Every structure is written in C-alpha cells, then in structure tokens.
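# Fold and contact review
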Amino acid sequence: MSEPEEDDLQEESTEKKKKRETRSVKKKKKKKRDQEKQQQQVEEEEAEQSECVVLRGIFKLGKKSHDVLLTPTRLTWTPITPETPTGEVCMQQPGLVLLEDVFAVKVKRRRAAGKESGGPVLGVALFCSKRNGRRLEEEALHLHNASSEHTHTWYNKLKELLTGFSRPRYVKVFINPSSHRKESVHIYREHVAPLFKMADVRTDITVTERKGYALSVMKECKLDEFDGVVCVGGDGSVAELCHAMVLRAQLDAGSPEKPVKQVLPLGIIPAGSTDVVSCSVHGVRDPVTAALHIILGHKQQVDMCSFTSLGQLVCFGFSAMFGFGGRSLARAEKKRWMPSGRRREYALVKTLARLRPEDCQLSFLPAKTSNKNLIDHLDQDQGPDSEGEESWTTNQGLYISIGIMSIPCLSPHVPQGLAPNSRVSNGSASLIAVGNTSRSEFIKHLKRYNSSSGQFSFSFVETHDVSAVRIRPRSKIGWSEEESEEEGDSRTSPIIQSEGAAFPWNIDGELVEIANEVLIRVHPQLITLYGEEVDEVDEAESTVSCSCI
C-alpha cells in the first residue's frame, strides 16, 4: 500500500473516531438533559401541590367544561367528567401552561361587524409562547365563560401576575430599511409590531438613513427612558448598534479607555442575508422567535471583541476574517448591484481563482479557563513582548485565511457555524488559522463546513481558544480589483503594494480596511442580548447552501 493511501486511511480512521466521540458526547448531553427534565417535572409537581391556589373556576375549553386552577406560576385545567354507572371517576391528565410563557391576556367579546369595542363577554384568551425545537411560536388558549364578573376577575388577576415578571415595557427600535432585499420594514410590520402591540410593549422607532446613523442617535438618546433596544436589520446593523451601545456605556461611565459593560439589553430581529449574530443567540433565523424572546425578557450575556490598530479603537464586534474572508467581501462590495446570493458566489469564486496568502506575524494569547474576566487586564497599547505575565505565542508565515470568532457564527449557509466549538459567553474566542496550501486543499476545507465535522482536520489548519490575537503584516499587502489574471507562482509569493495600501477585513460582515497591525481582545459578557444560549449547534436550521463549490 502506498504512503498516500495509508495517510488517507489514517485520516479516515481519525475522522471516524472524532465522529464517534462527537456522537458519544451528544448522547451524554441528551441523557443529562432528559434527567434534568424529569427532575424539573418532579419539582414542578411538588411545587404545584405546595403552591397556593389564587383562583379556581369553571371554563369551557372547546366544547367541554374544565376545572381551572390558577397559582402564582401556572395555570392548569382538568376536564369535568361525570361518574360512570359503577361510581368510578375517569381521571384525565390536566393541561398546563406556565405563566412565564404567557405574554398577553385579553378579554374575548362577541362584536358586530364594523365595531371595535363593546359586545357581550365570551371569556379570557391567553397568548403563550410555544417551543418547537429552537423556534418560539405563538399559541392561544381560549377560556370561555359568559359571566362578565367572573371573566374580569380572572383577567385582572392574570394581568397582575404577569406584571411580576421582568419584561420590557418600552423599547427603542432601530430599523435599517436597506438591509438585504429591503424587507426589514415589512418584517417588522408583519411579524414583530403585532406581537409588541399584543404584549403592550411601547416602541419608539427610528428608521436609519445612512451608515453610522444609529451610532449618532445612540450618543444623544436618553436611554434611561427605555427597558431595551431593538435592532431590525442584518449583521452590519447589529454590529453598528452593539458598537454604539458599548461606546455609550463608556461615555456614561466616564471611562473612554476601557470597555464598560452595557446593562441595557439589545434585541435582534433578523432581516439580513446571513444574520450570523441572530442565529448564534437564537439558534434559528426567525423574526417571531426573536420578538418573543424580547417580549418574554429572555436575556443572556455575550462576549465581544475590541479591534484596535496602533492603540486606536477601530470598533467592537463579534467576529473578524482576515485574508480570504476579507478579500472575498471586498470583491462582493464592488458588485452591490448584483442580488446578494449571486454577489456572494461571484466573490467566492473570483477570490478562489486568485487565491493568494498573506505574509504576516500571528500572535495569540491562549484563553485562561480559570479566569473568566479579562477586563481588569486590558492594556491595548502594549505589545506582545511587554504584556507582563501574559504568555503570547507567535508564528511568522503565509496564511490564506485567519478567523477570530467570539460566537459560533451560525447561519443558514454554515449550519454548524464557522466556529462550532465557540460559545457566546465562555470568555474566549476561536482562532482559526489556515496556512498556505493548494487551492484544491483549501476548497476541501471550505466544503467541510457543510458537513457535521472535519473542517479542521487538515495539517494546514490550526485552531486555538484565545483571549487575544495580534496580526502584524510583514509587508504591505494590498488588494485591487485589477489584479493580474495570471496565477504564476502567486500562491507562495504575496503581492506587494504601495506603502499606503490597506488590508481588507471582514468584521461582522462589514468591510473595514486597515493599513497596519490589528489587536483583537475578548471582553467577557460585555453586552446583554435577548435570547437563549444554543446548547447544540447542530440544531440550527439550514435552508440555504452555497452551490458554487
């Protein structure tokens, strides 16, 4: 057997071993979740028995009468069934809804056509959030009772109990009308606004007029009036607003040098072409799910990165790509007249055809698992060799692509995520460095992102959990649309441009050109987002895939 065949078999064996280990880990997690669920059910049953009953009454659900019980945390109903001729009572399992999942309650009335008020009382309607995988869906529970006094007693008590939950009542909404196919206004009006109105969430809406508009508004906005901020747009809009919120927190705290945690939560309504941040914090790309997370007040702390060059802050963000990712985005930005899907594929194919490595010095600081808070150790003006006790690792060479991600970066195009081992709040980022290799091998690496695993099982790919990364180009490597069509030996020789040439970076889907070295630092739990952590990244929905490779 030849050596290449032995290497292939060894790689296949390693891949199978990793898949078995992955399946084993998932089975253990599933078993643990099932045990926790059973324990939770037992605790809920015990709590139900010990909880005091606030109200008890008879309502019709459908065509049958039910005995309905209301406690401070739940509402249960049991069918009222007559005794059998033998005197036995047929016991049925009661229905249950947790009040933490109820986001609105209304009095049902029968109204004549054309009338908007009045009419005889029919009962109470509860609007709940129902889980379907990672999605949250609206569901209505109708309790019918013709007694006006009885109905209003229940309505008032339910409203009183719901006010005890920590939920937003007044939010500032930013809508980017230019996102993706200019559908953001339609998405907000059709899917989000009705839910906000039903849940009595008041809104103050700003439609952004240009890039940087949200940043300028946030600097002057009276944030103490609001319970939260909502962004309707793509990753670029989200990145701009997150950056603005952290800067505003620094301004309010009088700390311009160090990042300050923004206490006010941000809700993200996906309306872009990829919606990486939304998918990473919700697990799915769905405006209804995002809106319900906001209404119900589901919050999670999320890590962010600061990007600085020569001691000057460039921006705050969640992910960045240097090399292939930056060049591909730069080409796509020059073809804005194309539909987003075609533009993305064109840029990908063109960049692959002219694949060239970047010659740079890559330094990184391994993540400290025992230290979740690195904010006290920030000093962005120091170099890797003078960082005190910090132990940096430095490599010099040619890299086709370098990615730094503090979130999994899930999207419909990459359902497993660009950084599947990353989490939104573990205090570290994933560094994925792709060294110099052939075009065919690099394409194999890219194709693996559509599978469940294996994208990092190449000799030219290295991954690290890091708390900081510094990328220092050894020479000025520029990018130009008019690059030579001839490949020559460009795969091993980077293109040298003039002194003023800048490097294209893809930071949260936005093109940023930086001419010098860049320092990226992870700031644990710097921002609060509405949503819930995605435990299993393979549960994210996949509806789109790139067909160009």
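## Here's the deal with the overall build of the protein
What the protein contains, in helices and strands, is 10 helices and 21 strands. Sorting the 549 residues of the protein into buried and exposed places 49% on the buried side. Taking the intrachain contacts of the protein between residues at least 6 apart in sequence as the baseline, contacts between residues at least 24 apart amount to 73%. Carbon and sulfur atoms provide 48% of the accessible area of the protein, an area that totals close to 27,100 Å².

## Describing unusual backbone geometry
Of note, the phi angle at Asp275 is positive, near 55°, even though the residue is not glycine. With respect to the helices, strands and loops of the structure, Asp275 is situated in the loop between strand S11 (262-270) and helix H6 (276-282). A relative accessible area of 3% means that Asp275 is categorised as buried. With a phi angle near 60°, Cys409 is a residue other than glycine that sits in the positive phi range. Among the structural elements, Cys409 can be located in the loop between strand S16 (393-405) and strand S17 (429-435).

## Overview of the side chain of His445
Looking at where His445 falls in the secondary structure, it is placed in helix H10 (residues 439-447). Setting aside residues up to four positions removed in sequence, His445 forms contacts with Val434, Gln455, Phe456, Phe458, Phe460 and Val461.

## Digging into the pattern of salt bridges
If you walk through the whole model with that rule in mind, you get 16 salt bridges. Between Asp200 and Lys159 there is a salt bridge, with its nearest N and O atoms 3.0 Å apart. Highlighted residues: Asp200 in the loop between helix H3 (184-198) and strand S9 (202-207) and Lys159 in helix H2 (residues 148-162), separated in sequence by 41 residues. By relative accessible area, which is 27% here, Lys159 ends up partly exposed. Glu510 is the partner of Lys211 in a salt bridge, and the nearest nitrogen-oxygen pair spans 3.4 Å. Taken together, the residues Lys211 in the loop between S9 and helix H4 (213-220) and Glu510 in strand S20 (residues 510-514) connect sequence positions 299 residues apart. In this structure Lys211 comes out as exposed when scored by relative accessible area, which is 65%.

## Regarding the environment of Thr274
Secondary-structure assignment places Thr274 in the loop between S11 and H6. Of the residues examined, Thr274 reaches a relative accessible area of 21% and is grouped as partly exposed. Taking C-alpha positions, Thr274 is 10.0 Å from Ser340, a pair spaced 66 residues apart along the chain. Only 2.9 Å separates the side chain of Thr274 from the side chain of Asp235, close enough to count as a polar contact.

## Observations concerning the nonpolar core
Leu266, Phe318 and Leu529 are the most contacted members of the largest nonpolar core, which totals 50 residues. Of the residues forming this core, the biggest block, 6 residues, is contributed by helix H5 (residues 235-253). Among the nonpolar cores identified, the runner-up in size contains 27 residues, and Phe127, Ile187, Ala271 and Tyr530 belong to it.

## Some words on the packing of aromatic side chains
The tally for this structure, following the rule as stated, stands at 8 aromatic pairs. Consider the rings of Phe59 and Trp154, whose centres lie 5.1 Å apart with planes at 85°: the pair is edge-to-face. Residue Phe59 is found in strand S1 (residues 55-61), and its partner Trp154 is found in helix H2; the two are separated by 95 residues along the sequence. According to the relative accessible area criterion, Trp154 is buried, its value standing at 2%. With centroids separated by 5.2 Å and ring planes inclined at 35°, the aromatic side chains of Phe458 and Phe460 adopt a geometry described as tilted. Per residue, the accessibility class of Phe458 equals that of Phe460, and both read buried. Members of the aromatic cluster, joined through ring pairs, are Phe322, Phe503 and Trp505. The cationic tip of Lys172 hangs over the ring face of Phe174; the distance from NZ or CZ to the ring centre is 5.5 Å.

## Some words on the confidence of the model for the protein
Averaged over every residue, the pLDDT of the protein is 81; residues scoring 70 or more account for 76%. Taken together, the stretch residues 370-388 has pLDDT below 50 and engages in 34 contacts with residues farther than four places along the chain or on a different chain. Across residues 477-499, confidence stays below pLDDT 50; counting only partners more than four residues off in sequence or on other chains, it has 59 contacts.

## Regarding the pairing of strand S18 (residues 461-473)
Within a regular beta strand, the side chains point alternately toward one face of the sheet and then the other, so they alternate between its two faces. Taken together, the 7 bridges between strand S15 (residues 358-366) and S18 define a ladder with antiparallel strand orientation. Counted as the bridge partner of Leu362 is Ile471 from S18. Bridge count for S18 against strand S21 (residues 518-530) is 4 bridges, and the pairing is antiparallel. Counted as the bridge partner of Val469 is Ile520 from S21.

## Notes on the environment of Ala429
As for its placement among the helices and strands, Ala429 is situated in strand S17. Exposure remark for Ala429: the relative accessible area of 1% places this residue in the buried category. Expressed as a C-alpha distance, the spacing of Ala429 and Val469, which sit 40 residues apart in the sequence, is 9.3 Å. Excluding anything up to four places from it in sequence, Ala429 contacts Ile404, Met405, Ser406, His464, Asp465, Val466 and Val522.

## Quick word on the packing of H4 against H5
Across the interface, H4 lies against H5 with an axial gap of 9 Å and an inter-helix angle of 25°. Judged on the interaxial angle alone, H5 and H4 are roughly parallel. Viewed along their axes, H4 and H5 form a crossing whose handedness is right-handed. Across the interface between the two elements, Tyr213, Ala214, Leu215, Met218, Lys219 and Glu220 from H4 touch Glu240, Leu241, His243, Ala244, Met245, Leu247, Arg248 and Leu251 from H5. For the contact of H4 with H5, the residue count by class is 9 nonpolar, 1 polar and 4 charged.

What counts, and where the lines are drawn
Residues numbered from 1 in each chain as written. Predicted model: local features only at pLDDT ≥ 70, side-chain atom pairs only at ≥ 80, totals over all residues. Heavy atoms only, no water. Helix = DSSP H or I, 4+ residues; strand = E, 2+ residues; numbered from the N terminus. Buried < 20%, exposed > 50% of the residue type's maximum accessible area, 1.4 Å probe, protein only. Contact = heavy atoms within 4.5 Å. Areas by Shrake-Rupley, 256 points an atom, 1.4 Å probe, with all protein chains shown as cover. Salt bridge = Lys/Arg side-chain N within 4 Å of Asp/Glu carboxyl O. Polar contact = N/O pair within 3.5 Å; in protein donor to acceptor, adjacent residues only side chain to side chain. Core = buried A, V, L, I, M, F, W, Y, C linked by side-chain atoms within 4.5 Å. Phe/Tyr/Trp six-rings, centres within 6.5 Å; stacked < 30°, edge-to-face > 60°. Lys NZ or Arg CZ within 6 Å of the ring centre and 35° of its normal. pLDDT = per-residue confidence, 0-100. Pairing = 2+ DSSP bridges. Axes fitted to C-alpha atoms, helices over the stretch in contact; angles between N-to-C directions. Parallel < 35°, antiparallel > 145°, perpendicular 65-115°, else oblique. Left-handed = near helix turned anticlockwise from the far one by under 90°. Nonpolar A, V, L, I, M, F, W, Y, C, P; charged D, E, K, R; others polar.

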